[in-house]
Structures are given as structure tokens and as C-alpha cells.
Amino acid sequence: MTEAEITSTSSQLTKHDAWRSGPRQNTDATLNPNELPNIRGIPSPLGDEWSGLFESKVEFKEEHFVKAMKNLINSPNINSTVILRADILRQNSYKKDETSGATNIETFVSSNIDEEPLLTEPCETVLTRNLNDTEIRNVTINPDFKPEFEYVRRMIPRNPSKDYIINQTCLVMKNEKTESTLVLYTPHINDPEEVPFYLPPASSIGILFNARDSTLSIAYLPFETQSKDLFKTMAPSARPIRIAYRLLGTAMKHSRGVMNGYTKRVNHDQVVPKQLFQDRYILLKQKYAKLLVDSWCESTDPRKHVFEDIAIAAFLIEFWNLIYPSKNSFEFRDLGCGNGILVYILTMEGYRGEGIDARSRKSWESFPENIQQCLKEQVIVPSILLRPHPAQYAQNPAVTDNGQVWKVPIQDKVQHQGNVKNPTKTIQLVECYTSEELLCDPRINITEYPPNTFIIGNHSDELSCWIPLLGYPFIVIPCCSHNLNGDKTRYPVIKGLNGRSYQEGNSTYQGLVDRVEYLAMLSGWNVEREMLRIPSTRNSAVIGYQRNSFAPKSNYEIIAMEGGANRWIENTISLMKKKPRDH
């Protein structure tokens, strides 16, 4: 069984990670270590105890290598999908004074250095090793290498109930004599049998850049209990050797990226800090993932939907913790709630709210009774389409609806006797709905909620552009592009929207996300955009919870600017008679 990885990538495409209930599977079996020169028979410049493995000619410079490796130290998930992140606990920076020649040390120590991770709430067993060992670890190394940067990082795996959380020292060292720069990874482990699965069974890993001959190489330092020739005699297909090949390849790729001026096109964690989100995600996954996957009764893939909604729930919970004083100070409405997983998780976590969708799902019946009562089979009709215009209300305060009538085609048609030229004629049958009737129809949800309501639009399709206009704080994760009539459409990308100096893309999806943000701004919201860490390419979130200082346009003006919404009721009532979409 696989779990879609919740991680950031520059292409916004998702990878997959093992959500393991059985033996581990090797995911790098296609690697061919013979593509790089094997240097296992050559003495290592790091010292006699070290086992050199691979070496490659490179075209980048030292500054490119150092910048890339410092980024990899902060983001070890780039090297392994089993790793979620690293928290920097300690950092020392050595800077030489050009005038006096003295070396100054800048030191950082995290305020969380003594805290146990992921134990703020009850969860499954969290596996840890030696977390109280937070001092810099040094290893046997050529004494000509002097430290420039020292880190102690805490490695957080994706599933800490199966993989151990450990501390690891990372050193960036310089050898002036040989014009070499070395990066060392040393886990705070004393026995090779205790090394976690996501690391090779070595006491230390060294990646060496040699500026003189423009080479990059990798070496392992065996534990004292291991044979000095252990890694020299391993077959190229052995897992530790394949890991070395992959680590060296990643270092080369990212160093070239720095040389070529690569910059990230997507920035995550702008609204909710990554650590808060990921810790919450782990807790929710341990509580709900297996139960939801095992009880899945839809025709769609549970591995996508379950882990995606767990991630969205984790983001929402941490976001709400930032903007609300307590769970009881607000309630939510999930418009277009689909399978109801998000409503289920949020309700089980103690939040009050409802999910509303035009069609019920099989999965609703699998939830506890109190959750089922929070799921409503209704179509959404914004109240502005049914209530009287302010000018009407001013003339007659007793009026409650705008007096409009809508004709909705029904599937059946009839033929009747015509004239001589056209003996039979087909007539489209329609159902008529008045605004007064719709306001009282239990199948209709007219978006009039308590003032403390927060609106969720999770891939809500036709509702995406409407949600910012409803007057409540919101999050919209757009998916399929529709206008205010509920008709499919394509919006152009809006360059420079919200003061941006960069362009995120030129796709139909990007045009929709820009449109939702633009409508929210017109409606008077301060808008934030977040790229969610979910297993979907539709991962842009538009968020509004504070009003801006500009005079907003009225919804009547916005609807007129958008070409009207006369067909919304016809299109949304028709949804009740169609099969649900798979997303």
C-alpha cells in the first residue's frame, strides 16, 4: 500500500512514499552504480579508515557545491522520500577575520533542543534513538580539514512509528592545502545495528569536492565494530552502495542547479509553518489513515483521497489555531464536501461544522451517526440570487424574496401534433422554480450561516468563484474552472496580481486560481495564497480571513462584471440528477 507523499517539489508534481504494513521495498533498483568510476581500491584523502566509493568529474565550482549542500542539510527529504524533514537544533558558523586572522564563531541553539518531538498529543509509539545527544560529533578525519559550518539536525521520518527519529551532525569543512571542501553526515548512533532504514550502516558519510581536479566523490567511514574492508567488498547492487550512488548524484544535480541559477518557482509554508503542519499530519495519519483506507467503499483510489484530505485537515487545524482562540469560537461549512472525509476528520478532532454536497456518497453511511448528521445532501444557491435587491427591500421591508422564476429543463420531452409541414413537434419539458419556493426547499442551501462561520471549498468546482463572495472567511482549493453561472470556462492568467513580480504559470488552472483571488480582492478580502503539501497538482489554496482597507465592490457589481449568474440555479439543480465526479 502506498501513501502519496506530502512534500514540496519545484514542478508541483507529487512523488510516492511507502505507508508500510509489510516488508520494505527497494525503490532504487534501476540505479546502475557502474556508471560512475569505482574508487573503492584507492586510498581515501579523508584518511586510511575511510572507504572511497564513487567519483565523478564535475563542472561546477566550490561555491555552487557549498550552497547546494547547505540546502540539502536543511532539506534531507530531497535525498530520501522516507524522511519528512530535519529540524536544526544547533549551528556553528566559523568566519575568519581578514584583518586580525582570528576566527569568530556564530552560534545558534534551538529553543526546542531539549523537547521530545511529536509528543504534544497522544499518538502511536514514536521511535527515537539518543535524542538527548545534541552535541557536535567529530569523527576520524584528515586533520587538514577545518570546520566552516557545524550543524546538529533532528531527522524526522515520515512514519515515526516505523522509522526512528535520530539526531545527526552535519559538517562543512575546508582543506586549504588540497583546495577541497568536505561535507560530513554523522548519525548519533554507536552501533550499526541501530542505524535507521533511511541511512546506510556507516559511522559517517563524506562527500568531497576537489577544486584542483574538479571531481566530486563519496566515502563511508565504517563503525569500529565493522570490518575496514566492509564497503570495499560489497557488490554494486548492495543497498549501501546504491545509497552512495544516489547521494552523490543528488549532490551533483543540485550543485549544477545552483551554477545554472535555478530558483524555486513555488514557495510553500507561507501561511502555516512547515513543522506545525507536518507534525499535525503525522498525528492525523496515525489516527485515521488505516481506518479510512480499510473501510473505503467508493470506486476511487483511497490512497489519494484519504491522504490528501488528512493533509488538508492538518493544514486547516494549524491555520485555525493561528487565527481563532479556540475550537468553540467558530464553526465550518465544507461546500461541495464530496466523500465527507474532511468533515469526518475535523468533527472527530472536536471542530463544529457541516458538509454540504449536491449528492450523497456511499462513504457517508460508513461514518458514525453523529458524523452522518453533519453531512447534508443539498445544492448550493447563494442567497443573493434569491433575496430581494436592497432597492426592493427599501421600498418594502416585508419582502423576503426577489420574485424571480427559473425554468429548469427535465430529461423527458413530449411530441405533439403539429401542422401539415411539421406533423410532429418535440417540446422540451421544464420545471418552474420561484425564489419564494427555493428559499423554503429543504434541498436548497442558501449560504446563510452564523457570523462565525469559516467556509471550506476543497476542489469544489462550480463553487470556487462563488465562495469568496459569500461574506465569510474562507479557503478555496480550486480544481475545475467554472464561472458564476456554473458553466465551464477558461480564465486568462492575471499578470502582476496582488503585487506579484513573478508569473506562476500560464495554464487553465493558473487562470482559475488567479480569478478566485481576483474576485476575493474585489470583494474586500486580504488574500493569501499557499501551495499545499498534498498529493495533487491542484494544490493552490486561496485564503481570506481579514478584510482589506479598500472599499469593496458589491456582489451585484461583481456578478454583473462577470457576465451574470442567471443560469446558476438551472445548472446546480441539474447536479442533483447527475452522478458524482470522481475527484
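Residues numbered from 1 in each chain as written. Predicted model: local features only at pLDDT ≥ 70, side-chain atom pairs only at ≥ 80, totals over all residues. Heavy atoms only, no water.

Regarding its fold elements, the protein presents eleven helices and 21 strands. A buried classification covers 54% of the 583 residues belonging to the protein. Within the protein, residue pairs in contact and separated by at least 24 positions form 65% of the contacts whose partners lie at least 6 positions apart. Working note: accessible area of the protein is about 27200 Å², and carbon and sulfur atoms make up 49% of it. (Helix = DSSP H or I, 4+ residues; strand = E, 2+ residues; numbered from the N terminus. Buried < 20%, exposed > 50% of the residue type's maximum accessible area, 1.4 Å probe, protein only. Contact = heavy atoms within 4.5 Å. Areas by Shrake-Rupley, 256 points an atom, 1.4 Å probe, with all protein chains shown as cover.)

Judged by pairing direction, the sheet is antiparallel, and its eight strands sit side by side in the order 3-10-9-8-7-6-4-5 without closing on themselves. At either end of the open sheet lies a strand with only one pairing partner, and these are strand 3 (51-57) and strand 5 (103-109). If you compare each strand with its neighbour and ignore which way they point, the axes differ by 15° on average. In this structure, strand 9 (residues 204-210) lies alongside strand 10 (residues 215-221), joined through seven bridges in antiparallel fashion. The residue bridging Phe 209 from the neighbouring strand is Leu 216, located in strand 10. (Pairing = 2+ DSSP bridges. Axes fitted to C-alpha atoms, helices over the stretch in contact; angles between N-to-C directions.)

So, on to the environment of Glu 298. Among the secondary structure elements, Glu 298 is positioned in the loop between helix 3 (274-294) and helix 4 (302-323). In sequence terms Glu 298 and Asn 339 are 41 residues apart; their C-alpha atoms lie 8.2 Å from each other. Once residues within four sequence positions are removed from consideration, Glu 298 is found in contact with Arg 361, Lys 362 and Ser 363.

Here the focus is the sheet that holds strand 21 (residues 540-547). Ordered in space as 13-12-11-18-19-21-20, the seven strands form an open sheet in which the pairing is mixed. One side of each edge strand has no neighbouring strand; the edge strands of this open sheet are strand 13 (375-377) and strand 20 (525-531). Direction aside, neighbouring strands of the sheet carry axes that sit 20° apart on average. Here strand 12 (residues 353-357) pairs with strand 13 via three bridges, running parallel. Within the sheet, the bridge partner assigned to Ile 356 lies in strand 13 and is Lys 376. Sheet strands touched by helix 9 (residues 508-522): strand 19 (474-477), strand 20 and strand 21. Its angle to strand 20, the strand with the most contacts, is close to 155°.

Next up on the list: the state of the cysteines. According to the stated counting rule, one finds zero disulfides in the structure shown. We note that Cys 479 lacks a disulfide partner, and the nearest cysteine sulfur, in Cys 480, lies 3.8 Å from it. Looking at Cys 479, the relative accessible area reads 11%, which means it is buried. (Disulfide = S-S within 2.5 Å.)

All right, on to the side chain of Thr 250 then. Residue placement: Thr 250 occurs in helix 2 (residues 239-259). Residues within four places of Thr 250 in sequence aside, it is in contact with Leu 72, Ile 78 and Asn 79.

The residue His 459 is not glycine, and still its phi comes out positive at about 50°. For His 459, the position within the fold is in the loop between strand 18 (453-458) and strand 19.

Okay, the pattern of salt bridges next. Once the charged atoms of two side chains with opposite charge are near each other, the side chains can pair. Counted by the stated rule, this structure contains 26 salt bridges. For the salt bridge of Arg 303 with Asp 301, the shortest nitrogen-to-oxygen distance reads 3.1 Å. For Asp 301, a relative accessible area of 34% corresponds to the partly exposed category. In this structure, the salt-bridge partner of Glu 562 is Arg 515, at a minimum N-O distance of 2.7 Å. Here Glu 562, found in the loop between helix 10 (555-561) and helix 11 (568-575), pairs with Arg 515, found in helix 9; they are 47 residues apart in sequence, far enough to count as distant. Here Glu 562 matches Arg 515 in class, with each residue buried. Linked through salt bridges whose partners overlap, the residues forming this network are Glu 331, Arg 333, Arg 352 and Glu 354. (Salt bridge = Lys/Arg side-chain N within 4 Å of Asp/Glu carboxyl O.)

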